[in-house]
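Structural characterization, general
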Amino acid sequence: NDLDNINICIWEFADKKSLVYSNLTTEADGKMLETAGSFNIVANYNGKELRLKKGELFTVEMPFNKSHPDMFTYYGDSKDGLIDWSVDLNEPVMVNFGDDLSNQTKEVEIVESEQFDEYGEVMDGEYYQESESEQAVNYYELSAGKLGWINCDRFYDAENTSPLMVRVNNAENMVVRLVFRDINSVMPVYSNSNHKDQYEATGIPSGERVLLLAYSVKDE
């Protein structure tokens, strides 16, 4: 069967920690994005990379805690060592509020009880009991027409923005990132060509809490 020779690999980056570890950022043409998750889908047949048939679509369901109605499908291309994202306005993301009750979850309950050992003696204590329950799931439904780097994103429009300049006490080239505390976004801070120890970012929302990361990698 030829299908036995097709391998599909999916890498998922669902939170800011995985974005940082994978050197991914949430930027499109220099503008800040807020993401619901990124992933990379690659299909191979006998070692040869495959493309999705033209006109075909596949869907991905992504759970969320807080929804945004202006999410779209974004596709990524490698540019200067980063993945640059571009929006497909023909592929808006659908928001589903608890429509799917088919997802079964196991709940573990600690129960106070009397139990009997193998000799019939009473043992007081706790034991764990698993029970099946149905839980409503809120999720985005994303449609995509090709494989590769795909993102569920929206442009983050802030009323007030500021430029940011960072000086790192190290002449060596560094990777500098802004990780937003309350926004699911990781923005790059670019080096200043005239000053090796200075890094700059523009269009950063004013008043937001961020974690500033500056690091380099040596010998993996």
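Above: the structure in question.
Throughout what follows, the structure given in this document is the object of discussion. (Residues numbered from 1 in each chain as written. Predicted model: local features only at pLDDT ≥ 70, side-chain atom pairs only at ≥ 80, totals over all residues. Heavy atoms only, no water.)

So, on to the sheet that holds strand 17 (residues 210-215). The antiparallel open sheet is built from 5 strands, whose spatial order is 13-16-15-14-17. If you trace the sheet from one side to the other, it starts and ends with strand 13 (161-167) and strand 17, each paired once. With direction set aside, neighbouring strand axes in the sheet form an average angle of 25°. Two elements, strand 15 (residues 186-192) and strand 16 (residues 195-205), share 3 bridges in a ladder whose sense is antiparallel. Note on strand 16: the bridge partner recorded for Tyr190 is Glu200. (Pairing = 2+ DSSP bridges. Helix = DSSP H or I, 4+ residues; strand = E, 2+ residues; numbered from the N terminus. Axes fitted to C-alpha atoms, helices over the stretch in contact; angles between N-to-C directions.)

Of note, the phi angle at Asn23 is positive, near 60°, even though the residue is not glycine. Inspection of the secondary structure assignment puts Asn23 in the loop between helix 1 (16-21) and strand 2 (27-28). With phi around 50°, Asn46 is a residue other than glycine that occupies positive phi space. Mapped onto the secondary structure, Asn46 falls in the loop between strand 3 (31-45) and strand 4 (48-49). Overall, Asn46 belongs to the exposed group, its relative accessible area being 55%. (Buried < 20%, exposed > 50% of the residue type's maximum accessible area, 1.4 Å probe, protein only.)

All right, on to the packing of aromatic side chains then. Overall, the coordinates contain 5 aromatic pairs when judged by the stated rule. For the ring pair Phe64 and Phe97, a centre distance of 5.9 Å and an interplane angle of 90° mean the geometry is edge-to-face. Here the residue Phe64 occupies a position in the loop between strand 5 (58-63) and strand 6 (72-79), and Phe97 occupies one in strand 8 (residues 94-100), the gap between them amounting to 33 residues. By relative accessible area, which is 53% here, Phe97 ends up exposed. Taking 6.0 Å as the distance between ring centres and 70° as the angle between the ring planes, the aromatic pair formed by Tyr74 and Phe155 counts as edge-to-face. In this pair, Tyr74 sits in strand 6 while Phe155 sits in strand 12 (residues 148-155), placing the two residues 81 residues apart along the sequence. For Tyr74, a relative accessible area of 2% gives the class buried. Among the aromatic residues, those joined into a cluster by ring pairs are Phe13, Trp85 and Trp149. Stacked on the ring of Phe155, the Lys or Arg Lys31 has its end atom at 5.7 Å from the ring centre. (Phe/Tyr/Trp six-rings, centres within 6.5 Å; stacked < 30°, edge-to-face > 60°. Lys NZ or Arg CZ within 6 Å of the ring centre and 35° of its normal.)

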